[in-house]
2 protein chains.
Amino acid sequence: MSKNLKYISSLLAVDCLIFGFENQMLKVLLIKRKLEPYQNEWSLMGGFLKREESADESASRVLKELTGLDGVFMEQIKTFSKYDRDPTERVISIVYSSLIDVRKFETLLNQEYEARWFKITEVPDLLFDHAEMVIAGRDHLKKKAALQPILFELLAEKFTLPQIQQLYEEVFEANFDKRNFSRKLLASKLLKKLDEKDKSGSKKGAFYYQLDKQTNHYNFNILLNLAYSQL
Amino acid sequence: MSKNLKYISSLLAVDCLIFGFENQMLKVLLIKRKLEPYQNEWSLMGGFLKREESADESASRVLKELTGLDGVFMEQIKTFSKYDRDPTERVISIVYSSLIDVRKFETLLNQEYEARWFKITEVPDLLFDHAEMVIAGRDHLKKKAALQPILFELLAEKFTLPQIQQLYEEVFEANFDKRNFSRKLLASKLLKKLDEKDKSGSKKGAFYYQLDKQTNHYNFNILLNLAYSQL
DNA sequence: ACAAAAGTGTTGTGCATACACCCATGG
DNA sequence: CCATGGGTGTATGCACAACACTTTTGT
């Protein structure tokens, strides 16, 4: 089949959309090549598939090689395959979305690139079709977060209710009533209240919560209607 | 970059999951090769990407070439990329899901294959990883159908309330109360009642409805909670 | 006249929303 | 003591779920 010139073979790339939550803002991690080709162009973190690698494996490897992070929540979003998306040669890209705790990312391991967090609403011009990828990933995040409690992946182990509310407000571009929000979230039985307080945000301090790992029978549809006007 | 042997290039395939609704049952269209290789193995309808084709274009073309159908609802689902998924050579497959009106599909245009509709719960053993694709597609259909009124794509132009309720029951593997179901569905303002009746299913006959194309401001979250216990 | 499927209305309940005040603390 | 942000309770309305009977017509 491969001999048949009617059909084409292509390099396989993965690109990783990396979300983080920092200073109450939803951000994405972008990189910029310091050298040619594509010097100074911002793009998603990416790489090519190796010989015996699946895209899932490749995406995890790329993330690990660049950030040192392991065991991160990742999900395949969409494959981009326009024949001229990379003008130099045919490459299709399988895009992944991952959610990381920004505090765990320290520095890029690969010196050929520079990395920076961008507010999701202030993403610069990007290489190739990477801007579309950001849109697709963001859209996917909304849908996913409405149906499942994944946004905790963006927070530290311990977090406060005001923090997580701000996160939801960022993701859904909406404001929620704090009384209703906390009532619903706590009703999901997902959280365990700690004795400790975070005093950094206010004088009174806000109690820390943790994901309660016991809870497998959670009611999470609970957060759906917060959000579904926007799906 | 392509010279670098660390990275691999691969054939690009699309596979189409084709859903239909026939005799009150949700079905998928599968094909079987009559000749070697893979003689008599059931599989999804697929094909390879051509030189200047995107995956979207390729999927539409494949569908058209095999069924003659055009302008069908199609959506990219997921890309399958395990290196040995096709044991003869590396091929990655971008899977699409499409919804067609079974009455519009008459016969396979390509004589190398035989085609048959299978009840979704009675899919036979399939080639390579195609069984996983069916699962992914079905799952996707549920989520999509809960949020958007797409199941109409599976019905004829005119359809009755009992018909569409059976369709929803099939897709969500649940039973709905017909009074509540019709109230909700009609509240969405998506449907226009016709004067005509379908007498095939009962002596009394059921009124036909049609999608009302005017309605762009529909309330479709209306059908969400029918379904979201299952997403 | 009867069987078989279509169609229709009411009620209770729980959930989402809207809304305002007190609390704790650091400065 | 006061400014700042954290935390909590209640009342209202709406939407969902549960439920049973009447209508039509072909045989």
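The residue numbers shown here count from 1 along each chain, following its written sequence. Whichever chain is written first is A, and whichever ligand is written first is 1; the rest continue in order. The predicted origin of the model limits local features to residues at a pLDDT of at least 70 and limits the giving and counting of side-chain atom pairs to 80 or more, whereas totals for whole chains, interfaces and linings rest on all residues. Computation of side-chain values: all heavy atoms of the structure, hydrogens and water removed.

1. Comments concerning the domain arrangement of chain A
Residue and element names in this part refer to chain A.
Working step 1: Reported domain spans reflect what an automatic or database domain assignment gives. When its domains are assigned, chain A resolves into domain 1 (11-147) and domain 2 (155-230).
Working step 2: The C-alpha-based centres of domain 1 and domain 2 are spaced at 27 Å.
Working step 3: Between domain 1 and domain 2, the residue contacts involve 13 residues of the former and 15 residues of the latter.
Working step 4: Both sides together, the interface formed by domain 1 and domain 2 hides about 1,300 Å², and carbon and sulfur atoms give 58% of it.
Working step 5: Each reported salt bridge corresponds to a side-chain nitrogen of Lys or Arg within 4 Å of a carboxyl oxygen of Asp or Glu. We note a salt bridge from Arg138 to Glu173, for which the minimum N-O separation is 3.6 Å.
Working step 6: We define a polar contact as two N or O atoms separated by no more than 3.5 Å, with the added condition that, inside protein, one atom must be a possible hydrogen donor and the other a possible acceptor, whereas residues neighbouring each other in sequence contribute only through side-chain atom pairs. Summed over the shared surface of domain 1 and domain 2, the result is 4 residue pairs in polar contact (both at pLDDT 80 or more).
Working step 7: To qualify as a helix, a DSSP run of H or I must reach at least 4 residues; to qualify as a strand, a run of E must reach at least 2; elements of each kind are numbered from the N terminus. Elements with a minimum of two residues in the side of domain 1 that touches domain 2: strand S2 (25-33) and helix H2 (130-147).
Working step 8: Counting residues per element, the side of domain 1 that touches domain 2 draws most heavily on H2, which supplies 6 residues. A contact between two residues is defined here by any heavy atoms of the two lying within 4.5 Å. Defined in terms of a 1.4 Å probe, buried area is the accessible area two parts forfeit on being brought together, summed over both.

2. Brief notes about the sheet that holds strand S8 (residues 159-160) of chain B
Residue and element names in this part refer to chain B.
Working step 1: Strand order in the open sheet formed by 3 strands is S8-S10-S9, and the pairing between neighbours is antiparallel. Here the strands that pair on one side only, and so sit at the sheet edges, are S8 and strand S9 (191-198).
Working step 2: Bridge analysis of S8 against strand S10 (residues 206-211) gives 2 bridges, and the strand direction is antiparallel. Paired with Thr160 across the strands is Tyr208, a residue of S10. A pair of strands is considered paired only if DSSP assigns at least 2 bridges between the two.

3. Some thoughts on the protein's contact with DNA strand D
Working step 1: The cutoff for a nearby residue is simple: one of its non-hydrogen atoms must lie within 4 Å of the molecule or strand. Neighbouring DNA strand D are 19 residues; Lys178(A), Arg179(A), Lys204(A), Phe207(A) and Arg179(B) lie closest to it.
Working step 2: Atoms of DNA strand D within 4 Å of the protein: sugar and phosphate make up 38%, bases the balance.
Working step 3: Between a phosphate oxygen of DNA strand D and a side-chain N or O atom of Lys184(B), the distance comes to 3.3 Å.
Working step 4: Within the residue set of the surface near DNA strand D, elements represented by two or more residues are helix H4 (178-187) and strand S10 (206-211) of chain A together with helix H4 (178-187) of chain B.
Working step 5: Top contributing element to the surface near DNA strand D by residue count: H4(B), with 4 residues.
Working step 6: The residue classification treats Ala, Val, Leu, Ile, Met, Phe, Trp, Tyr, Cys and Pro as nonpolar and Asp, Glu, Lys and Arg as charged. All others, Gly included, are polar. Considering only residue class, the surface near DNA strand D consists of 3 nonpolar, 5 polar and 11 charged.

4. Considering H2(A)
Working step 1: An ideal rise of 1.5 Å per residue puts 26 Å on 18 residues; H2(A) measures up with 26 Å between its terminal C-alpha atoms.
Working step 2: Of the residues making up H2(A), those classed as buried are His130(A), Met133(A), Val134(A), Ala136(A), Gly137(A), Arg138(A), Leu141(A), Lys142(A), Lys144(A), Ala145(A), Ala146(A) and Leu147(A). To estimate the expected span of a helix, count its residues, drop one, and scale the result by 1.5 Å. Burial status follows relative accessibility: with a 1.4 Å probe on protein chains alone, a residue under 20% of its type maximum counts as buried, one over 50% as exposed, and anything between as partly exposed.

5. Looking at unusual backbone geometry
Working step 1: With an omega of -10 degrees, the peptide bond running from Glu36(A) to Pro37(A) counts as cis.
Working step 2: Turning to its location among the elements, Pro37(A) is positioned in the loop between S2 and strand S3 (42-43).
Working step 3: Even without being a glycine, Gln24(B) presents a positive backbone phi close to 60 degrees.
Working step 4: Its place among the elements puts Gln24(B) in the loop between strand S1 (9-22) and strand S2 (25-33).
Working step 5: Take Gln24(B): its relative accessible area is 41%, and that puts it in the partly exposed class.

6. Focus on the protein's contact with DNA strand C
Working step 1: Contacts to DNA strand C come from 20 residues, most closely from Arg179(A), Lys203(A), Lys178(B), Arg179(B) and Phe207(B).
Working step 2: Near the protein, within 4 Å, the atoms of DNA strand C are sugar or phosphate in 41% of cases.
Working step 3: Counting residues per element, the ones that place at least two in the surface near DNA strand C are H4 of chain A together with H4 and S10 of chain B.
Working step 4: Of all the elements, H4(A) adds the most residues to the surface near DNA strand C, at 4 residues.
Working step 5: Residue composition of the surface near DNA strand C, grouped by class: 3 nonpolar, 5 polar and 12 charged.

7. Focus on the nonpolar core
Working step 1: Formed by 47 residues in total, the largest nonpolar core has its most connected members in Val14(A), Ile18(A), Met45(A), Val14(B), Ile18(B) and Met45(B).
Working step 2: Once residues lying within four places of it in the same chain are set aside, the contact partners of Met45(B) are Val14(B), Asp15(B), Cys16(B), Ile18(B), Leu29(B), Ile31(B), Leu63(B), Leu66(B), Thr67(B) and Leu108(B). Here, the term nonpolar core denotes a set of buried Ala, Val, Leu, Ile, Met, Phe, Trp, Tyr and Cys residues that are joined through side-chain atoms within 4.5 Å.

8. Here's the deal with the packing of aromatic side chains
Working step 1: Aromatic pairing here means that ring centres of Phe, Tyr or Trp (its six-membered ring) are within 6.5 Å. Orientation follows from the plane angle: under 30 degrees is stacked, over 60 is edge-to-face, and everything else is tilted. According to the stated counting rule, one finds 16 aromatic pairs over all chains in the structure shown.
Working step 2: Look at Tyr7(A) and Phe48(B): their rings are 5.3 Å apart centre to centre, the planes differ by 50 degrees, and that puts the pair in the tilted class. With Tyr7(A) in the segment before strand S1 (9-22) and Phe48(B) in strand S4 (residues 45-48), this residue pair bridges two chains. For the pair Tyr7(A) and Phe48(B), a shared accessibility class is recorded, and that class is buried.
Working step 3: The structure contains a cluster of three or more aromatic residues connected by ring pairs, namely Tyr168(A), Phe172(A), Phe176(A) and Phe181(A).
Working step 4: When the ring centre of Phe80(A) is taken as origin, the NZ or CZ atom of Lys78(A), which lies over that ring, is 5.1 Å away. Look at NZ for Lys and CZ for Arg. If either is within 6 Å of the ring centre and within 35 degrees of the ring normal, a charge sits over the ring.

9. Overview of the sheet that holds strand S8 (residues 159-160) of chain A
Working step 1: Across the sheet, which stays open at both edges, the 3 strands sit in the order S8-S10-S9 (chain A) with antiparallel pairing between neighbours. This sheet does not close on itself; its edge strands, each paired only once, are S8 and strand S9 (191-198) of chain A.

10. Things to note about helix H1 (residues 55-67) of chain A
All names here are of chain A.
Working step 1: For H1, built from 13 residues, the straight-helix expectation of 18 Å at 1.5 Å per residue is met to within 8% by its first-to-last C-alpha distance of 18 Å.
Working step 2: Looking only at H1, the buried set comprises Ala55, Ser58, Ala59, Arg61, Val62, Leu63, Leu66 and Thr67.
Working step 3: Where H1 is buried, its residues meet S1, strand S4 (45-48), strand S5 (73-80), strand S6 (91-99) and strand S7 (113-119).
Working step 4: Note on H1: the residue one or two positions beyond its end, Gly68, has a positive phi of about 80 degrees.

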